[in-house]
Every structure is written in structure tokens, then in C-alpha cells.
Amino acid sequence: MMFKGIVILVLVWIQLHGGECSIRHYGQPPIPEGAVEPYAAKGELFSLMLPQGWTKSEEKFPYETPEANVAGVHLKGPLDDAWVAAEISALYYEHGGFFSDYRDYIRMERKSFDRQDEDPKTLLLEISAGGKKGIEFTIRTVEATSSANLFEEGVMYRIDGERIPKMVKTVETFKIFPAERGFFVFHYKASEAMAVQCRGIFEKTVQSVRFINPEPWRKKGK
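Structure report, in brief. (Residues numbered from 1 in each chain as written. Predicted model: local features only at pLDDT ≥ 70, side-chain atom pairs only at ≥ 80, totals over all residues. Heavy atoms only, no water.)

**Structural notes on the overall build of the chain**
Along its length, the chain carries 2 helices and 11 strands. Reading the helices (α) and strands (β) of the chain from amino to carboxyl end gives β-β-β-β-β-β-α-β-β-β-β-β-α. Within the structure as shown, the chain displays about 12,400 Å² of accessible surface, and the carbon and sulfur contribution to it stands at 52%. (Helix = DSSP H or I, 4+ residues; strand = E, 2+ residues; numbered from the N terminus. Areas by Shrake-Rupley, 256 points an atom, 1.4 Å probe, with all protein chains shown as cover.)

**Some remarks on helix α2 (residues 195–207)**
In an α-helix, one turn spans 3.6 residues; hence positions three or four apart end up facing the same way. Helix length check: α2 (13 residues) gives 18 Å between terminal C-alpha atoms against 18 Å at 1.5 Å per residue, within 8%. Among the residues making up α2, those that are buried are A195, C198, I201, F202, T205 and V206. Summarising the axial view, the buried residues of α2 lie within an arc of 135°, below the 170-degree limit, and thus occupy one face. With respect to the buried face of α2, the exposed residues turned more than 90 degrees away are V196 and K204. As for α2, its buried residues are in contact with β3 (47–51), β5 (70–79), β6 (85–94), β7 (125–129), β10 (165–178) and β11 (182–191). (Expected span 1.5 Å × (residues − 1). Buried < 20%, exposed > 50% of the residue type's maximum accessible area, 1.4 Å probe, protein only. Arc of directions from axis to C-beta. Contact = heavy atoms within 4.5 Å.)

**Considering the state of the cysteines**
Considering all chains together, one arrives at 1 disulfide under this definition. With its sulfur 2.0 Å from that of its partner, C21 forms a disulfide with C198. With the S-S dihedral at roughly 95°, the linkage between C21 and C198 falls on the right-handed side. Of this pair, C21 sits in the loop between β1 (7–10) and β2 (36–40) while C198 is found in helix α2, placing the two residues 177 residues apart along the sequence. Using a relative accessible area of 2% as the deciding quantity, one classes C21 as buried. By relative accessible area, C198 is classed as buried at 0%. (Disulfide = S-S within 2.5 Å.)

**A word on the pairing of β5**
Counting buried residues in β5 gives 8 out of 10 residues, a clear majority hidden from the surface. With 3 bridges connecting them, strand β4 (residues 55–57) and β5 associate as antiparallel partners. Bridge pairing in β5 links K56 to L75. The hairpin turn running from β5 into β6, its antiparallel successor, is 5 residues long, and W83 in that turn takes a positive phi close to 70°. (Pairing = 2+ DSSP bridges.)

**Some remarks on the pattern of salt bridges**
Within this structure, the stated rule accounts for 10 salt bridges. Between R181 and E215 there is a salt bridge whose closest N-O contact spans 2.8 Å. Of the two residues, R181 is situated in the loop between β10 and β11 and E215 in the segment after α2; the sequence distance between them amounts to 34 residues. E215 serves as the salt-bridge partner of R218, at 2.8 Å between the closest nitrogen and oxygen. Given the relative accessible area of 40%, R218 is considered partly exposed. Relative accessible area serves as the criterion here: at 31%, E215 is assigned to the partly exposed category. The network of salt bridges with shared partners includes E136, K175, R199 and E203. (Salt bridge = Lys/Arg side-chain N within 4 Å of Asp/Glu carboxyl O.)

**Some points on helix α1 (residues 102–110)**
Looking only at α1, the buried set comprises Y102, D104, Y105, I106 and E109. Put simply, D101 is the residue that caps the front of α1, since its side-chain oxygen is 2.9 Å from the backbone nitrogen of R103. (Polar contact = N/O pair within 3.5 Å; in protein donor to acceptor, adjacent residues only side chain to side chain.)

**Some words on the pairing of β3**
Counted residue by residue, β3 has 4 buried out of 5 residues, so it is predominantly covered. With 5 bridges connecting them, β2 and β3 associate as antiparallel partners. Residue pairing for β3: E37 is matched across the bridge by L50. Count of turn residues in the β2/β3 antiparallel hairpin: 6 residues, of which G43 carries a positive phi of about 70°.

Now the structure itself:
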């Protein structure tokens, strides 16, 4: 939605420098790229090590419904010069609601309205983490964002007129681990300009996972 008027902004995030996927909050020194902190999902469904400094949310997840439990965390990291943040999600979807099986999730993401790939099938790769086997696939999408360039740290700006949305090409990777009563999804999204720079942090986050609660892995009736 276009808007007019005067907006005064103080930039809280600044762009990563030197090609690294690092974060710095205004007025504070940059956080080292490898710095992590422990995290455990609600119900101890899983634990992992999260990158420090990334904003964290534990609510309002995609495809969340009252009929099925969804738990985990969504992270937002550094911005690129188009104001697109790198994102990482680690979620558990209980069967029910939108999904009776992990394959339903794959089909829905493959048919994403924002998808730009020509191949609708998508290559599925076998992976493993936390002692469990899973599936990985990658798609290319677009995201609407402001056309304004990234501002300089700590400087106040006055913007007049309209800000025109811009379509930015993005890369999304999904790592899915099917369980008996649901499935775990690890999702990475970043602009094409930042995808490689922050991919290592995503891979380390996934490899740190520990599936603590045995309940999702038990067959129904047992």
C-alpha cells in the first residue's frame, strides 16, 4: 500500500559488512557471526542453538490453526540493501488443521503463489539431523519491499512522497523431518544477494537440533 507524508526513521538494524552474516544493533558493537544461544521449544519438543542478535518470535506461525498444535520459533536476521531480512524458522506441526501428513506441507509450499521456479516438481534431497532422517528442497520466490536504499546507522531521515514497492528475488530452503504424530520444519529465506552469506548459520542451526520429547515419534495408540 502506497502512502504519503513525512516519516522520521531511526535505523535500528544496519546492513552486514564484509560479506558476513553479522548483526549490529544501533549504538552497540556487532555480534560475532558464530555467537549462539540455547533454545528449547514449548513442551520440550526440540532444542537447538540460535544465532545471537536475531529477533525472535514464538507466535503467529504460518498455517497455524486451533485444531493442531504448532510450536517453535521464527527468527529475523540482517537486512540487505533492499530491506529484505534473512529469516530462519524451526517449527513443529502436529497432524490436523491444514496438514494430515508432511507431504501436504510440501505440496502447499511447492504451489506457493510467490514462486518463480519453472520446475513445479522440485528436487527432494535426503538429509539427517539430530539422529533423524528428513527431506530438503529449495524454491525461488519473490518478496515485495520498499524501493528505498538502506539508510546510514544512527541518522534521522525525513522521507517525502510515495515509497514504491519493489519485488525482490528470494531463495527459500525447507528441511522437513517427518514424525508419527506430526513433522518438524526448518525454513530458511533470504534475498538472492544474501542467501549464500547466511546459509551457513541456517545449516549450523539445523545440525544443532535435539529432538527431546518422544511423544511426536510415538505411533498413535501407544
